Amino acid sequence: MESKRKHSTTLHTCHPCRRTTLYRTYAVIHACGIVALMYHHAHSLLTTANTTFITSLLLLSDIVLAFMWATTTSLRLYPVHRSAYPENYAAKPEEMYDFPKLDVFICTADPYKEPPMMVVNTTLSVMAYDYPSDKISVYVSDDGGSSLTLFALMEAVKFSEHWLPFCKKNNIEDRSPKVYFSSTSYSWTKEAENLKKMYEDLKKRVEHVMVSSDKVDNDQQPILCDQFRGVFGLWTHKFTPQDHPTIIKVLQNNETEIMPNLIYVSREKNRASPHHFKAGALNTLLRVSAVMTNSPIILTLDCDMYSNNPTTPLHALCYLSDPTINSSLGFVQFPQKFQGINKNDIYASELKRPFDINTVGYDGLIGPIYMGTGCFFNRRAFYGSPTNLILPEINELGPNRITDKPIKDQDVLELAHDVAGCYHELNTNWGSKTGFRYGSLVEDYYTSFMLHCEGWRSVFCSPKRAAFYGDSPKCLIDVVSQQMRWSIGVLEVAFSRYSPLTYGFKSLGPLMGLGYCHYALWPFWSIPLSVYGLLPQLAFLCGVSVFPKASDLWFWLYIFLFFGAYAQDLLDFLLEGGTYRKWWNDQRMWMIRGLSSLLFGFIEFTLKTLNLSTQGFNVTSKANDDEKQRKRYEQEIFDFGPSSSMFLPITTVAIVNLFAFVWGLYGLTVWREGPVLELMLVSFAVVNCLPIYEAMVLRKDDGKLPKRVCFLAGILTFVLVMSGYFFLK
Ligand SMILES: O=c1ccn([C@@H]2O[C@H](COP(=O)(O)OP(=O)(O)O[C@H]3O[C@H](CO)[C@@H](O)[C@H](O)[C@H]3O)[C@@H](O)[C@H]2O)c(=O)[nH]1
Ligand SMILES: [Mn+2]
């Protein structure tokens, strides 16, 4: 009885993973192996004069590999799995746990890359949460300043009046209408049929305005009720996404009906003042919502991340409402999961290492990194450390203020417009000490880094039924471009005043400091990948051997380190629910990424630092309307897309390795003692590069490697082999 009662009030539990002891033991053994390898390199540097160039490059690569191994290992020492018990939260007597107000922020930036219907579905899915409707306020930030998005949301409001009661009455789990109506697992009632028709109409109207113009015309939309008459007149001929006044429209408001608030916000923009991309948009929402509702809890979402689990807020509240931890709990992060990924996940779009494996590692230290979406924040965390509240520039923005006026009050609206203006942030703490932090293209990583350094903690919450589903790029060039943006972003943090390497270690301690370095130095993977992808092969083609022979004892050290690291990576993957095939594709993407996104991220970052480039936040397209491309993705055929120099290095590496492989096969018949390590390395590379050879020569579809790239890679190979012949021999 006692234990049962105890259980029924428990809001959350935390268990260390079973693998911990094994991992810690292995970490010691592997570390010894790495020290031995470093000794081996140092010894060769000092004793063999003619291979100094090669040995130095190998040493550099191995130092990077060793450091990255250390960062990964820091996340393997204290992994934990948590469970939350939302049913216990809901069962609390009301006077003990009232449901706090919740502000939801949804970001969108471009109606063509992020179709308004996607925004509508995301919005409806959170409005329909199993949570008191009058406590939810949804703020949609439209950085594209598009009347199409506003129009779609206005239509959504009308639909929501039927959709929300329907979901709650029938206890529907899929609360994104798109998902619900395309599902085959429901039995359709008359009511559902009617709703489906309404949804189809809504979709038709939105898509109709999308194809007819890039703006909504006031006269063409007689459907609008009085209060919005003329609203599209704000989109004058001078209005552009980069230059326009603030637009804030309360589309639905819980003072008139028991429905969630829905507010459309498009902040003021002009070309002269920096807008700081998504971080800027989120800070605007922080202020606008502070003026209007000022809820203590904030959920941030990207417009492609719809809610898949109506009880998600209760999961988050199990942590955020717990008085034993909530005074320093900054945020509760839910994993990013994606819909529509192909069976074996050829582009490693699940991002299992960052989003699952590493996250349980961080969770046992100070807490997971913010992933930009699917995260419940304690509003207070945006205003200084847990012990030191930083007061905002005006009292109305304070995190603890109670809002007492209706959100449609004239004063409230006026102030909301003011705080969304371009110049409001001048000479304030926004982006430096308060709010989401500016200065990096990965505002999520940087913001959580600063919050953790201030003393906030975080928690990873992964319910059985996924909380959110998002969209991932379905074409390789989109994948590598997205990851190039991330590489530039993390380098901006790594080389800033607040580098995890210096400031991070000081503020967070060695393990969490290393954990943050895992991403800060992410682009550095490109160094060992380029060196091991080319150097031994070129040397091999010129008859120079860089690795120990099979009869040498050092040979076994290489074998041990390689297989040890790979086996542990595989084990990590399987233990967090991955499959063998997905792991194989993941490690292949690691190589492709290293020779494309990360390498080019490095170059772009350097150019940006030298003021030679102004790489901004390129929004990933979520409009999957290319039928043929979708088919190829489903059939797991690599899609390289339109010609891009991004694939030049990986194609060159593929060709060089193929030559080395053929040369090795020939050599096997002639040489007495074959260079086993070289042969293993090139065979491994060749197997990994199979889709690239196929895309170079065998395929005729639009997704093949463009001729120009193959041709340039051929020339580059020739140059490399020739220079190898001169320098390495
Ligand atoms: O100027 C901008 C640019 C982007 N966004 C929004 O930011 C979100 C993320 O953009 P997306 O192109 O989808 O980026 P991803 O690379 O898919 O996003 C990952 O990486 C980003 C950091 O680079 C994080 O912000 C995201 O949450 C994370 O999912 C979208 O909702 C956009 O609408 C804005 O609001 N304003
Ligand atoms: Mn995204």
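Residues numbered from 1 in each chain as written. Chains lettered and ligands numbered in written order. Predicted model: local features only at pLDDT ≥ 70, side-chain atom pairs only at ≥ 80, totals over all residues.

The name recorded for the protein chain in an unreviewed UniProt entry is Cellulose synthase-like protein G2, from Cardamine amara subsp. amara. Of the protein chain, the UniProt comment under Function (unreviewed entry) reads exactly: "Thought to be a Golgi-localized beta-glycan synthase that polymerize the backbones of noncellulosic polysaccharides (hemicelluloses) of plant cell wall." (UniProt positions renumbered as here; feature names shortened; annotations may be inferred.)

Trainee: Got a sec to walk through the site of ligand 1? Specific residues and values, please.
Mentor: Around ligand 1 sit 24 residues in total, of which Cys107, Ala109, Phe277, Asp302 and Gly372 are the nearest. Mapped by element, the contributors of at least two residues to the shell around ligand 1 are strand S3 (102-108), helix H9 (277-292), helix H13 (443-454) and helix H14 (476-494). Among the elements that line the shell around ligand 1, the one with the most residues is H14, at four residues. Here the residues of the shell around ligand 1 sort into ten nonpolar, seven polar and seven charged. The residue makeup of the shell around ligand 1 includes at least three contributed by each of domain 1 (20-78 + 500-727) and domain 2 (99-336 + 376-432). (Near = placed C-beta within 6 Å. Helix = DSSP H or I, 4+ residues; strand = E, 2+ residues; numbered from the N terminus. Nonpolar A, V, L, I, M, F, W, Y, C, P; charged D, E, K, R; others polar. Domains from an automatic or database assignment.)

Trainee: How would you explain the UniProt feature "active site" (unreviewed entry) in the protein chain if you had to name every residue and give the values?
Mentor: In the UniProt entry, the feature "active site" (unreviewed entry) is given for Asp143 and Asp444. Residue placement: aspartate 143 occurs in the loop between strand S4 (136-142) and helix H6 (147-170). Since 25 C-beta atoms lie within 10 Å of it, aspartate 143 is described here as buried. Sequence-distant contacts of aspartate 143, defined by excluding residues within four places in its chain, comprise Ala109 and Ala281. One can find aspartate 444 in helix H13. Sequence-distant contacts of aspartate 444, defined by excluding residues within four places in its chain, comprise Tyr370, Met371 and Gly372. (Buried ≥ 20, exposed ≤ 12 C-beta atoms within 10 Å, placed from the backbone. Contact = placed C-beta atoms within 7 Å.)

Trainee: Would you mind going over the sheet that holds strand S10 (residues 375-378) in detail, with residue names and values included?
Mentor: Pairing is mixed across the open sheet formed by eight strands, whose spatial order is S5-S6-S4-S3-S7-S10-S9-S11. Two strands in the sheet have a free side with no partner beyond their single neighbour: strand S5 (247-252) and strand S11 (457-460). Strand-to-strand, the axes of this sheet are offset by a mean angle of 20°, without reference to chain direction. The sheet contact formed by S5 and strand S6 (residues 261-266) spans five bridges and is antiparallel. By the bridge assignment for S6, valine 250 is matched with isoleucine 263. (Pairing = 2+ DSSP bridges. Axes fitted to C-alpha atoms, helices over the stretch in contact; angles between N-to-C directions.)

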